[in-house]
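Spelled out, the chains give:
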Amino acid sequence: MSATIPARSTQTGPDMQEALRGGTLSGGRKAKNHVASGLMVLAFLAAAIPLVVMGASVVSQGYRAVLSGSWWTQPIPETGRSDLANNQNLSDLGFGTPSDAGASSSVVLGMAPAIVGTLLTVLGAAALAIPLGIMGAVYLHEYGKNNWLAKFIRFMADVMTGVPSVVMGVFIYTIWVLPRGVDGKSAWAAALALACLMLPIVVRSTEEMLRLVPDNLREASAALGTHTWKTTVKVVLPAAIAGITSGSLLAVARAAGETAPVVFVIGFVTTVNASFSGANTTLSAQIYGQQQAGGVLAQDLAWGAALTLVIIVLALTLIARRISRRFELS
Amino acid sequence: MLLVLALILVTMIRQAWPAWSELGASYFFGTEWIPSQGKYGILPLVYGTLVVSLIALVFAVPISIGISLFVTEVAPEWLRRPVVTTVDLLAAVPSVVFGLWAFYNLLPGFQAVFNNIASAVSSIPVLNVVFGPSTGSSFMSAGLILALMITPIITSVTREVFLTVPENDKSGALALGATRWEMIRGVVFPHSFGGMTGAVMLGLGRAMGETVAVALVIGAVPQISLNLFGVGETMPAQIFRQLSEAGSTLRSALIGLGVVLLVLTILVNISARRAVVAVDRRFKGAP
């Protein structure tokens, strides 16, 4: 027996439809709503337009240097030299022309020492901060949970994230460079400063990732009679490895772009120094140093170094984002 | 790792002690910072730091809140991820690159604009002091660059906060006939007030510690001046500029400056965390 339910009218009258479309709103309320939405779009443009303009000017002023082969392999010219009078610029020196990769030019411009120095300090910092940070996070999430020590460490990590990078530099300067005098300035000192900056970021991002690992996995492993440390190493860490990698890469990217803590603990060189001891230089330090030196040539060197640095940081950031997106999906 | 912060404080205070004990109150309350004449009063630097950070907040906070609202309430679904990515990219740019760009490409334009404003208000009292003549490098230039740099952090925190506003409350307001803007004012803002305060404090902490970009565009003249278009100097910029070649008294004074900066930023950050945590408690239940 099927009682036919009378189809309820879902039709609304023309007045109602008009009201639902917002037609009966007073003009003032409607206008305010539109103005507010418009302002939000403007707010986004206020942030996006400078980003695009800045990107364009870095690329347009840095690409000639970066595209030449000698940029990546040759020492940094000393801008004070008389054969590099400040009124010369890169195109006068034969840069940017296809026939010349810097070889026949009387002056060979390069940034190799800074590129090597950047990689060295960042790798050193990563080697210090990432294992320590992961161990810290494992303690926080697998052992400490919510006891007072874990809470305290978590709080300190949050506070340390907010410590200005220049203060970290001053700290390393006082404990490492001052006692050693001039010899104290080295890639190692810079790596220490960057490691201090990276550590809290690695700890917090790793802990977030460990939180995403389902407890079922830990319980299954524990049910087989496994110790907590073995569960952590064999089950939890492999499950979270993608997220941990991406968080660590973001920390590395941030460290690579840091200038303030590096400049006064690393010294200055114009030739490649591939060791942790002795003065060194990084891309960020070069950008600042060349800007301070002044002159057209130094300006071109600074823009080239800026583009190189942006490429490195952007590549790290994009790789990290890709890894984390894959992690989200799986 | 929990020892690091304590270690930082202890070693830095030990290095700063000579300056503090020698200069005493004139260090903390002196209004002149002229190392070549042996004057180490940090007030001009503290003043510069605060002014620049406040300018940055004045510009960055409305922009960040606008972007967050756009992303959470207004923008169509397909547009949200690109907007978030763009703002995140802004956070990825190293600060020295911001500084370089601002120094070469923005300062000439800033100088022209500032001087136009200055001549337009030159006959109005108060305004003609605050907006005086400019050489490009100024509190205002540094504040504007900083605003751009702290926008990503404020945006990401306010976005998280807006996402915690209960969907039911929002639908309820809309069902009562509120326009989207009225819903945002009536529901989203009251719910998010604490979180927004936290976001602003976090941004302030960032702005106070930012070094290189500010150092390049502020002009390096420590002075307490009401002219926002005039040159100035901040604490981190002064440390950054002077520390590597400093003699013993100046070095000790600079390290002391580092301690002051550290304490200030820690206070700001702790109060920011407090505000954000309080919001979490209220809307997600106690952890």
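Heads up: the structure comes first, above all this text.
Bear in mind that the values here come from a model prediction, so they are computed numbers and not experimental data.

Rules and cut-offs
Residues numbered from 1 in each chain as written. Chains lettered and ligands numbered in written order. Predicted model: local features only at pLDDT ≥ 70, side-chain atom pairs only at ≥ 80, totals over all residues. Heavy atoms only, no water. Helix = DSSP H or I, 4+ residues; strand = E, 2+ residues; numbered from the N terminus. Buried < 20%, exposed > 50% of the residue type's maximum accessible area, 1.4 Å probe, protein only. Contact = heavy atoms within 4.5 Å. Areas by Shrake-Rupley, 256 points an atom, 1.4 Å probe, with all protein chains shown as cover. Buried area = accessible area lost by both parts, 1.4 Å probe. Salt bridge = Lys/Arg side-chain N within 4 Å of Asp/Glu carboxyl O. Polar contact = N/O pair within 3.5 Å; in protein donor to acceptor, adjacent residues only side chain to side chain. Nonpolar A, V, L, I, M, F, W, Y, C, P; charged D, E, K, R; others polar. Core = buried A, V, L, I, M, F, W, Y, C linked by side-chain atoms within 4.5 Å. Expected span 1.5 Å × (residues − 1). Bend = angle between axes of the 7 residues up to and from the residue. Axes fitted to C-alpha atoms, helices over the stretch in contact; angles between N-to-C directions. Left-handed = near helix turned anticlockwise from the far one by under 90°.

**Q** Just to check I follow, could you spell out the overall build of chain A for this structure?
**A** A count of helices and strands for chain A gives 12 helices and zero strands. When the helices and strands of chain A are read in sequence order from the N terminus, they spell out α-α-α-α-α-α-α-α-α-α-α-α. The buried share of chain A, taken over its 330 residues, is 49%. Across chain A, the fraction of contacts at a sequence separation of at least 24, relative to all contacts at a separation of at least 6, is 79%. In the structure as shown, chain A presents an accessible area of about 15800 Å², 65% of it carried by carbon and sulfur atoms.

**Q** Explain the interface of chain B and chain A here, please?
**A** Quoted interface sizes are often the accessible area lost when the parts come together. Facing 64 residues of chain B, the contacting portion of chain A comprises 65 residues. When chain B packs against chain A, close to 5900 Å² is buried across both sides, 78% of that on carbon and sulfur atoms. Linking chain B to chain A there are two salt bridges. A salt bridge links Asp88 of chain B to Arg321 of chain A, with the nearest nitrogen and oxygen atoms 3.3 Å apart. Counting the contacts that link chain B with chain A gives eight residue pairs in polar contact (both at pLDDT 80 or more). Considering every element that reaches the side of chain B that touches chain A, the biggest residue donor is helix H12 (residues 248–284) of chain B, with 10 residues. A breakdown of the residues in the side of chain B that touches chain A according to their chemical character gives 41 nonpolar, 16 polar and seven charged.

**Q** Can you walk me through the nonpolar core in this structure?
**A** Proteins that are soluble and globular tend to have nonpolar side chains buried together. One finds Met111 and Met198 of chain A together with Trp33, Phe98, Phe240 and Leu257 of chain B to be the most contacted residues of the largest nonpolar core, which totals 171 residues. At 15 residues, helix H3 (residues 43–74) of chain B tops the list of elements feeding residues into this core. Leaving out residues up to four positions away in the same chain, Trp33 of chain B has contacts with Lys39, Tyr40, Gly41, Ile42, Pro44, Leu45, Pro222, Gln238, Leu250, Ala253, Leu254 and Leu257 of chain B. Grouped together as the second largest cluster of nonpolar side chains are five residues, Leu140, Ala150, Leu199 and Val203 of chain A included.

**Q** Can you walk me through H3 of chain B in this structure?
**A** Given 3.6 residues per turn, any residue in an α-helix points the same way as the ones three and four places further on. Residues and elements named next belong to chain B. Here H3 spans 44 Å end to end across 32 residues, near enough to the 46 Å set by a 1.5 Å rise per residue. At Ala60, H3 is bent by approximately 30°, the largest bend along its length, and proline Pro62 sits one to four residues beyond. Across the 32 residues of H3, 24 count as buried, placing the element largely inside the fold.

**Q** When you look at the packing of helix H4 (residues 112–144) of chain A against helix H7 (residues 187–212) of chain A in this model, what are you seeing that I'm missing?
**A** Residues and elements named next belong to chain A. Running from N to C, H4 and H7 point in directions that differ by 35°, and their axes come no closer than 6 Å. For H4 against H7, the interelement crossing comes out right-handed. Its residues assigned to classes, the contact of H4 with H7 shows 24 nonpolar, five polar and three charged.

**Q** When you look at the environment of Val203 of chain A in this model, what are you seeing that I'm missing?
**A** Residues and elements named next belong to chain A. Among the secondary structure elements, Val203 is positioned in helix H7. Judged by its relative accessible area of 1%, Val203 falls in the buried class. Through-space distance from the C-alpha of Val203 to that of Ala157 is 7.4 Å; in sequence the pair is 46 residues apart.

**Q** I'm lost on unusual backbone geometry in this one. Help?
**A** Most peptide bonds take the trans form, and the phi angle of most residues other than glycine is negative. Backbone geometry at Ala220 of chain B places phi at a positive 60°, although glycine is not the residue there. For Ala220 of chain B, a relative accessible area of 33% translates into the label partly exposed.

**Q** In this structure, what is going on with the pattern of salt bridges? I would like to understand it.
**A** Here the idea is simple: oppositely charged side chains can pair when their charged atoms come close. All names here are of chain A. On inspection of all chains with the given rule, the structure shows 14 salt bridges over all chains. For the salt bridge of Asp158 with Arg204, the shortest nitrogen-to-oxygen distance reads 2.9 Å. Taken as a pair, Asp158 in helix H5 (residues 148–161) and Arg204 in helix H7 lie far apart in primary sequence, 46 residues in all. Here the two residues Asp158 and Arg204 agree in accessibility, since each one is buried. Members of the salt-bridge network, linked through shared partners, are Arg154, Asp158, Arg204, Glu207, Glu208 and Arg211.

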